[in-house]
Amino acid sequence: MRALDAVRRANMPGPPENSIRFRVACLGTVLASIASCASVDEVSRPTAVAATALVSGGMFFSHLTRTRPPGWIKVVVAAGAMAAFVWFFHSLTSAVVITTIDSPLGLLLISVLVVHSFHVPSRRDLLFSLAASAGLMAVAGAQAIDLSFGLYVVAWACFGLWGLTEMWTSSSGGGRISVAGLVCALAAMSAAAAAVFLVLPAPVVASRVSFLAQAGAGGSVGVPGALAGDTGSPAQLSRAGSQSSPIRVGGYLGFAGSLNTALRGNLATTLVMQVRAQRPSYWVGETFDTWNGESWTESRGGSRPLRETSPFALPIPVGDVPLGQSDLQTFYVANATADLVFHAESAEELWFPTSKVFYSDDGTIVSPIGLGSGSVYTVESQVTTPTPAMLRSDSSAQTLLPETQAQYGQLPHAYPRVLALAQSITAGDTTTYDKVQSLIDWVGAHTHYSLDIPPLPAGADTVDEFLFGNRVGFCEQISTSLAVMLRSLGIPAREAVGYVPGGYDPITDLWQVHADDAHAWVQVWFPGYGWQDFDPTAVVPPSNPSPGATALKDVAGALRRVPWVPVVAVLAGAGLVVAVVRLRRARPATWAARVARDAERAGRRAGRPRRPSETLVEYAATLDELAGSGTTWGRLASSVEASAYGGREPSPEAQRAMVAEARSTRVRRPVGAGVRD
Amino acid sequence: MSRWARPARPVAPIAVALMIIATWWLVAHNGGSGWVQFLGDLVFGALFIGIFGPWVVVTSAKVAVRSAPADGVAGMPVELRVRAGTRLRIRPVEPPGIEVFVGPVGRKGSVDDLVTLVPVRRGVRGTVTLDIASAAPFALQWWTRRVQLPLPSLLHVSPRSGRPRPPSTSPREDVGEVRNRPRTDAGLPRGARPYVSGDSRRLVHWQATAHAGKLMVRELEQPSAAPVTITVDLPDDPEEAERIAEGALGTVTQLLEGGGPVLLDTLEPSGRVLAPVADRRGAGRRLARAVARAGGAEAT
């Protein structure tokens with residue numbers, strides 16, 4: 001009985017909510033959340049439009065019937081909600097493969113909001129609408145991958161805060177928060193939210209919940225399995241790469257069948273992709289094993305197709321030891337990139353929007369379709385993260401096959417100078433790891449990074465030129481030099497190209513990979529841990545750094561990372577609020593003050609400002625005298641003084657008439673007369 | 001009185017808020033979505049301010065009693081004019097009263113509002129105890145604080161006027177004598193003098209006023225009737241004391257209406273007081289100040 005009473009109490013209708021503003025604010029939050037769902041394609045546009053119309057109509061109906069809701073409406077609302085839940089669970093259980101519940105969840109919430117909007121008579125019901133809209137925003141936010149979603153968040157938050165303050169106004173019989181109080185509340189709210197934002201750890205990628213794979217607008221590639229990237233030519237280097245140019249991958253020349261280390265594209269700054277990952281990694285695209293003195297090529301002999309249904313179980317790459325931590329990454333392609341499937345090292349499973357991908361023994365994955373904007377795929381990798389001590393004490397007896405050892409130890413010719421240099425650098429080192437580190441340290445201490453270097457002479461060896469020339473170069477030359485030095489010492493190494501993790505966006509929890517994040521680094525084979533990444537470029541200082549140019553670049557980079565749309569929207573909103581407040585404060589509070597202000601304005605325009613010692617009546621007499629006809633100002637001033645000092649208030653109509661008359665009455669400066677003072 | 005506010009029925013709102021935040025964060029954290037976590041942080045901020053913001057409002061609220069009547073009657077409403085700088089819900093505690101919202105409507109400054117007290121018993125009150133509450137800015141959680149505010153002037157709450165009981169000293173003769181006794185303001189006129197504050201309006205001498213051009217009153221000889229002394233001994237039991245005081249007031253009122261002089265003998269905090277009372281208000285004040293005498297019985 002107690003539970004029954006509690007249910008009965010909970011179902012007792014609350015007092016009708018009469019505040020139209022509160023209702024409109026709640027309607028705004030619901031509509032903002034529906035729009036946000038539509039913006040991330042959680043629901044279709046027609047569905048969103050229909051839901052918007054129904055919710056608006058429902059809220060209007062609820063307001064009209066708030067005091068005496070019809071008896072049948074509760075039954076209809078309950079039946080509608082039940083039907084929505086039945087549909088939701090049916091859509092979940094009938095799906096062959098459940099990849100995500102997001103879309104049905106969004107539709108469920110929208111359906112509940114639509115049905116509920118027809119029976120929102122009381123404050124408690126409106127509060128439910130607010131809370132449900134927050135849930136709908138969360139569903140939309142789960143799909144949002146860029147900062148433009150912030151516009152919807154701002155709109156929803158503004159409506160929500162307005163609704164909450166109106167709820168206080170309604171429940172307190174007219175109490176309103178002062179502007180200062182509102183600012184303090186907002187500041188405290190932002191501080192609390194920011195504190196939680198700073199304290200809480202970043203979200204982690206859910207395991208076994210959502211494996212996104214979606215084809216985008218990339219179109220088709222010429223030859224399936226071949227790489228769409230361009231090896232480039234010197235003529236192309238003067239311009240930044242773009243989607244439409246032959247160098248369609250943002251200007252980087254390495255996402256192709258070969259990597260010419262003498263050429264460096266002018267990388268664009270466009271966003272290539274966003275990555276949601278459990279940890280940052282180098283997003284490897286492909287590796288090269290064959291070095292000819294100027295370019296890297298791959299000798300894997302082409303990719304072979306993997307014909308499975310998604311997810312693809314990827315073979316273990318040659319030499320890899322997939323014993324690391326599972327790392328799930330989802331790639332959201334923002335702009336057309338190479339048809340390489342970028343991933344963290346040692347990918348073992350791939351969710352991809354095709355029934356076929358191309359795979360090479362070195363772990364390179366090639367898409368059969370162009371990866372354009374909107375493409376999404378998910379990769380699970382087994383990332384080995386050994387510590388330096390572990391690598392140093394690696395005593396595994398595993399060895400590469402002789403042909404593989406030869407493949408990754410290949411050199412086009414003898415490098416006696418390079419060998420001598422490498423041996424001298426690693427003279428005291430006994431382990432592979434120490435040798436690699438010594439070489440990296442040497443490279444960092446003796447070379448410089450610059451993109452502005454003269455082209456190599458024809459037929460020159462890049463490594464010789466770099467190590468024994470001016471020792472200035474970019475990442476391809478630096479990493480190639482390390483790889484060649486390692487190979488000369490008999491250590492298996494290869495060149496890898498891809499992207500560095502990019503900048504982390506704490507709002508979206510995504511790694512933002514831009515075209516100029518394209519990079520080349522070295523992978524070294526360790527018997528117990530497989531291929532390990534080493535990036536010598538990271539320790540190489542820039543060549544002749546220019547403070548001004550560096551500062552400008554930093555500023556430009558910082559400005560580029562600013563989410564301009566939300567920032568500008570917030571600033572514009574704040575500016576508008578300040579302007580309105582200032583305007584309202586500057587406006588005279590009473591009709592008498594308005595008339596007095598207009599009189600002084602008219603006098604100023606006529607060259608006769610009011611003296612501090614003058615009463616308004618005296619000043620008005622002067623203005624009438626200046627005008628030369630009538631006693632308009634005198635009459636108005638008398639009324640003002642009668643109101644201010646005599647307490648004789650004219651009727652509202654008379655007040656409005658006097659204000660209008662004061663506004664329209666002009667005092668012309670007499671022709672030929674000087675300024676009366 | 002508490003300097004700090006305390007939440008009104010806080011368990012459900014705080015528990016629900018914590019549950020929402022924990023669930024939200026778990027979903028966001030394991031869902032790997034930064035926007036969901038960001039939205040959750042915003043919701044947390046709103047809930048935090050909604051729940052704890054009223055504490056700041058109530059703790060820093062400035063409330064003052066601007067005016068209060070000097071007299072009231074137990075069981076009858078007494079209106080105080082209260083000024084509050086922010087919108088507050090006020091519930092009078094001692095004396096009890098009617099819950100009401102005070103403070104500015106809209107964003108204006110401090111305004112005065114009426115707060116109605118309904119004192120249960122007689123007494124003299126220099127302060128009033130109020131529960132002030134607010135849920136600003138979001139009306140998600142109410143916080144209350146008990147404040148004791150000084151009244152601008154003492155509030156004398158007289159007892160209700162109970163059933164009059166005839167004086168016990170001279171039963172029959174006094175009854176007739178009281179009823180036929182001449183009014184105190186109808187003694188033998190001795191002359192006229194200018195009006196001074198406190199003179200009864202019944203003593204205004206209109207002819208002399210018209211003649212002199214200023215308000216004149218009659219000067220009378222001593223009233224001919226002998227005063228009746230009402231002795232009020234109140235017991236410790238407040239209910240019983242209230243009943244006796246009500247009876248005493250009824251008796252005094254009846255005697256005054258009969259026109260006879262009345263002496264009221266009460267025990268006040270300052271000691272025993274035997275003094276005439278001129279009207280019902282004076283009697284009410286005396287009885288409001290009266291305290292219990294050890295072993296006291298009732299009015300005689």
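Residues numbered from 1 in each chain as written. Chains lettered and ligands numbered in written order. Predicted model: local features only at pLDDT ≥ 70, side-chain atom pairs only at ≥ 80, totals over all residues.

1. Describing the overall build of chain B
So, step 1. Scanning chain B from N- to C-terminus turns up six helices and 14 strands.
So, step 2. Per-residue burial over chain B gives 37% buried out of 300 residues.
So, step 3. A sequence separation of at least 24 residues applies to 68% of the contacts in chain B between residues at least 6 apart. (Helix = DSSP H or I, 4+ residues; strand = E, 2+ residues; numbered from the N terminus. Buried ≥ 20, exposed ≤ 12 C-beta atoms within 10 Å, placed from the backbone. Contact = placed C-beta atoms within 7 Å.)

2. Points about the overall build of chain A
So, step 1. In terms of helices and strands, chain A carries 20 helices and 19 strands.
So, step 2. When the 677 residues of chain A are sorted by exposure, 44% land in the buried category.
So, step 3. Considering only residue pairs separated by 6 or more positions, chain A has 78% of its internal contacts joining residues 24 or more positions apart.

3. A closer look at the sheet that holds strand S8 (residues 325-333) of chain A
All names here are of chain A.
So, step 1. Pairing in this open sheet of seven strands is antiparallel, and the strands run S7-S9-S12-S8-S2-S17-S16 from one edge to the other. The sheet terminates laterally at strand S7 (312-313) and strand S16 (503-505), the two strands that pair on one side only.
So, step 2. By the bridge criterion, four bridges tie strand S9 (residues 347-351) to strand S12 (residues 376-383) in an arrangement that is antiparallel. Along S12, the bridge assignment pairs Ala347 with Ser381. (Pairing = 2+ DSSP bridges.)

4. Remarks on unusual backbone geometry
So, step 1. Residue Pro95 of chain B is reached from Glu94 of chain B by a cis peptide bond, and omega for that bond is 0°.
So, step 2. Looking at the element boundaries, Pro95 of chain B is found in the loop between strand S5 (88-94) and strand S6 (100-102).
So, step 3. Its identity as a non-glycine residue notwithstanding, Arg471 of chain A has a phi of 60°, on the positive side.
So, step 4. For Arg471 of chain A, a count of 17 C-beta atoms within 10 Å puts it in the partly exposed group.
So, step 5. One non-glycine residue, Asp509 of chain A, lies in positive phi territory at about 60°.
So, step 6. Residue classification places Asp509 of chain A among the buried residues on the basis of 25 C-beta atoms within 10 Å.

5. Thoughts on the pairing of S12 of chain A
All names here are of chain A.
So, step 1. Within S12, eight of the eight residues are buried, leaving the element largely enclosed by the surrounding structure.
So, step 2. Strand direction decides the pairing type here: S8 and S12, joined by eight bridges, are antiparallel. Residue Asp327 lies in a different strand from S12, and its bridge partner there is Ser381.

6. Description of the confidence of the model for chain B
So, step 1. Counting all residues, the mean pLDDT for chain B is 83, and 86% of those residues have values of 70 or more.
So, step 2. In this model, residues 170-184 of chain B is a region of pLDDT below 50 whose contacts with residues beyond four sequence positions or in other chains number 19 contacts. (pLDDT = per-residue confidence, 0-100.)

7. Observations regarding helix H12 (residues 432-446) of chain A
Residue and element names in this part refer to chain A.
So, step 1. Compared with the 21 Å implied by 1.5 Å per residue over 15 residues, the 21 Å span of H12 between its first and last C-alpha is a close match.
So, step 2. Among the residues of H12, Thr432, Tyr433, Lys435, Val436, Leu439, Ile440, Trp442 and Val443 are the ones counted as buried.
So, step 3. If you follow the buried residues of H12, they end up packed against helix H9 (388-392), helix H11 (416-425), helix H14 (475-488), strand S18 (518-526) and strand S19 (530-534). (Expected span 1.5 Å × (residues − 1).)

8. Details of the interface of chain B and chain A
Interface size, as often reported, equals the accessible area lost upon joining of the parts.
So, step 1. Between chain B and chain A, the residue contacts involve 36 residues of the former and 44 residues of the latter.
So, step 2. Counting only elements with at least two residues in the side of chain B that touches chain A, the list comes to helix H1 (11-31) and helix H2 (34-60) of chain B.
So, step 3. Broken down by element, the residue count for the side of chain B that touches chain A peaks at 16 residues, all from H2 of chain B.
So, step 4. Per-class residue counts for the side of chain B that touches chain A are 20 nonpolar, 12 polar and four charged. (Nonpolar A, V, L, I, M, F, W, Y, C, P; charged D, E, K, R; others polar.)

9. Points about the nonpolar core
So, step 1. If you look at the biggest cluster of nonpolar residues, it comprises 207 residues, and the most contacted ones within it are Ile110, Leu136, Leu350 and Leu486 of chain A.
So, step 2. Looking at this core, the element that brings in the most residues is H2 of chain B, giving 14 residues. (Core = buried A, V, L, I, M, F, W, Y, C linked by C-beta atoms within 7 Å.)

10. A look at the confidence of the model for chain A
All names here are of chain A.
So, step 1. Scored by pLDDT, chain A comes out at a mean of 83, with 88% of its residues at no less than 70.
So, step 2. Predicted confidence in chain A is weakest over helix H1 (residues 2-11), with a mean pLDDT of 73, and strongest over helix H2 (residues 20-39), with 94.
So, step 3. Note on residues 96-101: pLDDT is under 50 here. Beyond four places in sequence and across chains, it has five contacts.
So, step 4. Counting interchain partners and residues more than four positions distant, the pLDDT-below-50 stretch residues 230-244 has 43 contacts.

11. With respect to the packing of helix H6 (residues 123-143) of chain A against helix H7 (residues 149-171) of chain A
Residue and element names in this part refer to chain A.
So, step 1. Packing of H6 against H7 leaves a shortest axis separation of 11 Å and a crossing angle of 165°. Accordingly, the angle class assigned to the pair H6 and H7 is roughly antiparallel. In this structure, H6 crosses over H7, and the sense of that crossing is left-handed. For the pair H6 and H7, contact is made by Arg123, Leu130, Ser133, Met137 and Gly141 and by Phe149, Trp156, Gly160, Gly163, Met167, Ser170 and Ser171, respectively.
So, step 2. Considered class by class, the residues forming the contact of H6 with H7 number five nonpolar, six polar and one charged. (Axes fitted to C-alpha atoms, helices over the stretch in contact; angles between N-to-C directions. Parallel < 35°, antiparallel > 145°, perpendicular 65-115°, else oblique. Left-handed = near helix turned anticlockwise from the far one by under 90°.)

12. With respect to the sheet that holds strand S13 (residues 262-268) of chain B
All names here are of chain B.
So, step 1. With mixed pairing, the three strands of this open sheet are ordered in space as S12-S13-S14. Because the sheet does not close on itself, it has two edges, and the strands there are strand S12 (228-231) and strand S14 (271-277). Looking at each pair of strands side by side, their axes are set apart by 20° on average, direction ignored.
So, step 2. Both S12 and S13 contribute to a ladder of four bridges, which runs parallel. Following the sheet pairing, Thr229 is matched in S13 by Leu263.

13. Describing the packing of H12 of chain A against H14 of chain A
The packing of two helices is summarised by the inter-axis angle and the distance between the axes.
Residue and element names in this part refer to chain A.
So, step 1. Where H12 meets H14, the closest approach of the two axes is 11 Å, and the angle between their N-to-C directions is 140°. Regarding the angle of H12 to H14, the classification is oblique. In this structure, H12 crosses over H14, and the sense of that crossing is right-handed. Residues Val436, Leu439, Ile440 and Val443 of H12 touch H14, and the partners they reach there are Ile478, Ser481, Leu482, Met485 and Leu486.
So, step 2. In the contact of H12 with H14, the residues fall into eight nonpolar, one polar and no charged.

14. A few points about the environment of Gln477 of chain A
Residues and elements named next belong to chain A.
So, step 1. Secondary-structure assignment places Gln477 in helix H14.
So, step 2. Sequence spacing of Gln477 and Thr537 is 60 residues, and the spatial spacing of their C-alpha atoms is 9.3 Å.
So, step 3. Discounting residues that sit within four places of it in the chain, Gln477 has contacts with Thr261, Thr462 and Phe466.

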